[in-house]
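The residues making up each chain are set out below.
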Amino acid sequence: AMSDALKKRKSKVLRSETGTPEGKCGREEGDQDIRVYSEEVELDGRDPEEDYQQYKLTCEALAKLMNDIQELKANGAKDGCAEVEEKRMQSCIHFMSLKKLNRLAHMRLKRGRDQTHEGKQRVDVLHLQLQNLLYEVMHLQKEISKCLEFKSFESIQYVNSHFSLGTLCMCRLAEQYKESLSSKEKIQKGIEVKKEHLSSLQPGLNAIMQASLPVQEYLSMPFEQTQRQTEIARHLPPSLYVLLVQASAYGQACDKSLSVSISGDVDEAKALSKPPEDSQDDDSGDSDAEEEQEKTKRRRPTTGGQLDDKRREMLKRHPLSLCLDLKCKDGSVLHLFNYYLMNLNIMTVKAKVSTATDLTGAISAGELLNSDTLLNCLYANDQGRETPNPANRYQFDKVGISSFGDYVAELGHPYLWVQSLGGLQFPSDAPEVCVWVALSLSASHMESTMKLLRGRVQSRLALHKQFSSLEHSIVPVSTECQHLFPAKVLSRLARWTTMSHQEYTNLSFTQHVSDAGLARETDLFFMAVVERGTARLQAAVVLNPRYPEISPLFALSLSWKGECSGRTDDNLRAMESEVNVFKSELQGPRPGHQLLTNQVARLCVCLDVYLETDGQDDSVEGPREFLREKMCLRTVRGPNRLKPFKYNHPQGFFSHR
């Protein structure tokens, strides 16, 4: 039984290939064959994931033992204590396990490197064999070409006896030639008859096409217009062609209110697409060059004029442009005029909105539908002032252009989303984009961009309508949002005006907004004044172009019993929170176009609460200026004496947040 157990134990122990000095000495001195344990053989049967889990468990156990030893020593145990020694022994065992796992990890790494090296060697051998075969193929091809190019002179035999046979062959060839000529004449006559028949059909077909135009318009199937546009589209630059294809496909599949049309000088576009004419002979070329030099000597244009010509040439647009008309449900139309700058290889866009009703009633809404700022920041931080093509910077330096933003009023805005719709992308070291990549890029951005464009027009038109009411001191509240406010609001909007970015930053109570970078030049700025009695509340409003996705930001200043602002008064800061922080309560029906007017309405309610909950000064005789019309659970709370600005519907009372 002992021998069987010994055999089983020895079967698990393997001989190391290299061996150790100790193992060699053991074989010389002892009679039995000593086997050395090899971790490389054990490595084949171990799972790296299990080793990793064992490593984590060992580290956790070791950390626990260390904490236990520290606690024992902290409780007064000495170094020779049995519990401490036992913990140390267990820690040593875990250290041995970590060393073993470390050795196994290094062995796995070495094995992986060796396998990689062997694989590379095999690949190198195969690559060398491939090179040898290629060289052999090249050599054989050269030999074959030499053999084919070799010209041999065959012996020419003059056979006088067969002269009569050659004469007979010539007669037969002459007869075949006459037959071919007669068949050629017959075929030519048939072709002429068919040409006359086709030419006679042309006027009839034109008459049929003209007669079918009313039917095409009635059925909304403009075949002739589509055919004409397809013919013109052949002369579009690649980026505008990609936009045409994708916009037409999206309009047919998803949005029937989107229409696409081509405008511009077709003849000039055809001239651009034609290859340059072949140059004449050298003599004429030399004479033309001499004449050109003489003209140049006589003219001698100024340096400034040359630079202006170079700038105009560099900023030249393609003669054809693309117009996208996006119609909205209220009858308004967004016109997008897309251009391609040939030398800069970028696209630009100009926007215009046409409405069914007159929108000249609101003075403060002047920038809402301005074509220069209408599409600003359609995507975040996309202002469209600078060219997205990094190569243009070097082109501008040559002709003295400091910024592309100086030319956007004339050429249009090079927004990033416009480049995406045209299949253009400008990574720093990217090669020229292929057509399929361009089509995929345009298609992936088409739907999201069209939705953003439609949402931008609808939000601006909604704001335009609201501003007309705000300028007349009327805060419009829809029926869906009436539950957000009490029935009786005594504070009223006295004034709503527009401001510039500079005027906003000059205000003392907006410095924290400007310092936080929340007031940019692309934003719109307004001043709202809310009054009740002798109290006057000023609200400086920052309106982001992406409204209502990004909500307006209010900064407050109150003139009553002195001057205070949200930076100095806790209650005014709480009022700012009511309109800025708790804006989700004021969104209204989707997509939230009523957010701004609801914020102004809540501001009026908050001013009522602020004034009505103010404590009565005993030194002042007479009735209170502001009677308590609002029902509040507690007028003030906490050391900051915060007022209850939260309105609870349908109970109708105010409470603290």
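What you see is a predicted model; the values in this text were computed from it and never measured.

Caption draft 1: Highlighting helix α19 (residues 595-612). For α19, which comprises 18 residues, the first-to-last C-alpha distance of 26 Å matches the rise-based estimate of 26 Å (1.5 Å per residue) to within 8%. In terms of burial, α19 is a largely internal element, 18 of the 18 residues being buried.

Caption draft 2: Fine view of the sheet that holds strand β2 (residues 320-327). Here four strands make up an open sheet; going across it, the order is β1-β2-β3-β4 and the pairing antiparallel. Either end of the sheet is taken by a strand with one partner, and the two such strands are β1 (258-264) and β4 (346-354). Strand-to-strand twist across the sheet, computed as the mean angle between neighbouring axes with direction ignored, equals 20°.

Caption draft 3: Inspection of the confidence of the model for the protein at higher detail. Across the protein, the average pLDDT comes to 82, with 82% of residues at 70 or higher. The low-confidence segment residues 1-32, where pLDDT is below 50, has 20 contacts with residues more than four positions distant or belonging to other chains. Low pLDDT, under 50, characterises residues 278-287; the stretch is placed with zero contacts to residues that sit more than four places away or in other chains.

Caption draft 4: Here's a closer look at helix α8 (residues 238-253). Between its first and last C-alpha atoms α8 spans 22 Å; for 16 residues at 1.5 Å apiece the expected length is 22 Å, and the two agree. Every buried residue belonging to α8 is among S239, L240, V242, L243, L244, Q246, A247, Y250 and G251, and all of these are buried.

Caption draft 5: Focus on the nonpolar core. Core analysis: the largest hydrophobic core is formed by 47 residues, its most contacted members being F467, W496, L537, L558 and M575. Those elements that place two or more of their residues in this core are α15 (435-471), β5 (492-499), β6 (524-532), β7 (535-543), β8 (553-559), α18 (570-580) and α19. Sorting elements by how many residues they give to this core places α19 first, with 12 residues. Two domains each put at least three residues into this core: domain 2 (234-272 + 312-458) and domain 3 (473-616 + 624-655). Ignoring any residue separated from it by four or fewer positions in sequence, one finds F467 in contact with A362, S364, A365, L368, W496, F526, L543 and L596.

Caption draft 6: Expanded view of the packing of aromatic side chains. Evaluation of the coordinates by the stated rule reveals eight aromatic pairs. Consider the rings of Y647 and F654, whose centres lie 5.2 Å apart with planes at 50°: the pair is tilted. Take F654: its relative accessible area is 1%, and that puts it in the buried class. Taken together, F467, W496 and F526 form an aromatic cluster joined through their ring pairs.

Caption draft 7: Molecular detail of the pattern of salt bridges. According to the stated counting rule, one finds 29 salt bridges in the structure shown. Between R88 and E85 there is a salt bridge, and its shortest N-O distance comes to 3.4 Å. On the criterion of helical spacing, the pair formed by R88 and E85 is a turn pair, its members being three residues apart in helix α5 (residues 82-149). Of the residues examined, E85 reaches a relative accessible area of 35% and is grouped as partly exposed. Close ionic contact of E612 with K630 constitutes a salt bridge, the shortest N to O distance being 3.4 Å. Here E612 is found in helix α19, whereas its partner K630 is found in the loop between α19 and β10 (631-632), with 18 residues between them in sequence. The residues E612 and K630 share a single accessibility class, namely buried. What emerges from the salt-bridge pattern is a single network uniting E42, R46, D51, K100 and R108.

Caption draft 8: Local environment of the sheet that holds strand β11 (residues 646-648). One open sheet holds the three strands; their spatial order is β10-β12-β11, and the pairing between them is mixed. Where the open sheet ends on each side, the last strands, each with one partner, are β10 and β11.

Caption draft 9: Local environment of the side chain of H593. Within the fold, H593 resides in the loop between α18 and α19. Setting aside chain neighbours within four positions, we find H593 in contact with G455, Q458, S459, A462, Q466, Y547 and P548.

Caption draft 10: Structural view of the packing of helix α4 (residues 48-74) against α5. In the contact formed by α4 and α5, the axes pass within 9 Å of each other and the chain directions differ by 155°. If you check the angle between α4 and α5, you find them roughly antiparallel. In terms of crossing hand, the pair formed by α4 and α5 is left-handed. Taken together, the residues of the contact of α4 with α5 break down into 14 nonpolar, six polar and seven charged.

Caption draft 11: Main features of a nonpolar patch on the surface. On the surface, L198, L201, L205 and I208 cluster together to form a nonpolar patch covering roughly 390 Å² of accessible area. Within the element layout of this structure, L201 appears in helix α6 (residues 163-218).

Caption draft 12: Structural context of the packing of α18 against α19. One can describe the packing of α18 onto α19 by two numbers: an axis separation of 9 Å at closest approach and a directional angle of 150°. By the angle between their axes, α18 is roughly antiparallel relative to α19. With respect to the hand of their crossing, α18 and α19 are arranged in right-handed fashion. Contacts from N571, M575, E578 and V579 of α18 reach α19 at Q599, R602, L603, C606, L607 and Y610. Class assignment of the residues belonging to the contact of α18 with α19 gives a composition of six nonpolar, two polar and two charged.

Reading the values: the criteria
Residues numbered from 1 in each chain as written. Predicted model: local features only at pLDDT ≥ 70, side-chain atom pairs only at ≥ 80, totals over all residues. Heavy atoms only, no water. Helix = DSSP H or I, 4+ residues; strand = E, 2+ residues; numbered from the N terminus. Expected span 1.5 Å × (residues − 1). Buried < 20%, exposed > 50% of the residue type's maximum accessible area, 1.4 Å probe, protein only. Pairing = 2+ DSSP bridges. Axes fitted to C-alpha atoms, helices over the stretch in contact; angles between N-to-C directions. pLDDT = per-residue confidence, 0-100. Contact = heavy atoms within 4.5 Å. Core = buried A, V, L, I, M, F, W, Y, C linked by side-chain atoms within 4.5 Å. Domains from an automatic or database assignment. Phe/Tyr/Trp six-rings, centres within 6.5 Å; stacked < 30°, edge-to-face > 60°. Salt bridge = Lys/Arg side-chain N within 4 Å of Asp/Glu carboxyl O. Parallel < 35°, antiparallel > 145°, perpendicular 65-115°, else oblique. Left-handed = near helix turned anticlockwise from the far one by under 90°. Nonpolar A, V, L, I, M, F, W, Y, C, P; charged D, E, K, R; others polar. Patch = residues over 30% accessible without salt bridge, like charges linked within 9 Å, V, L, I, M, F, W, Y side chains within 5 Å. Areas by Shrake-Rupley, 256 points an atom, 1.4 Å probe, with all protein chains shown as cover.

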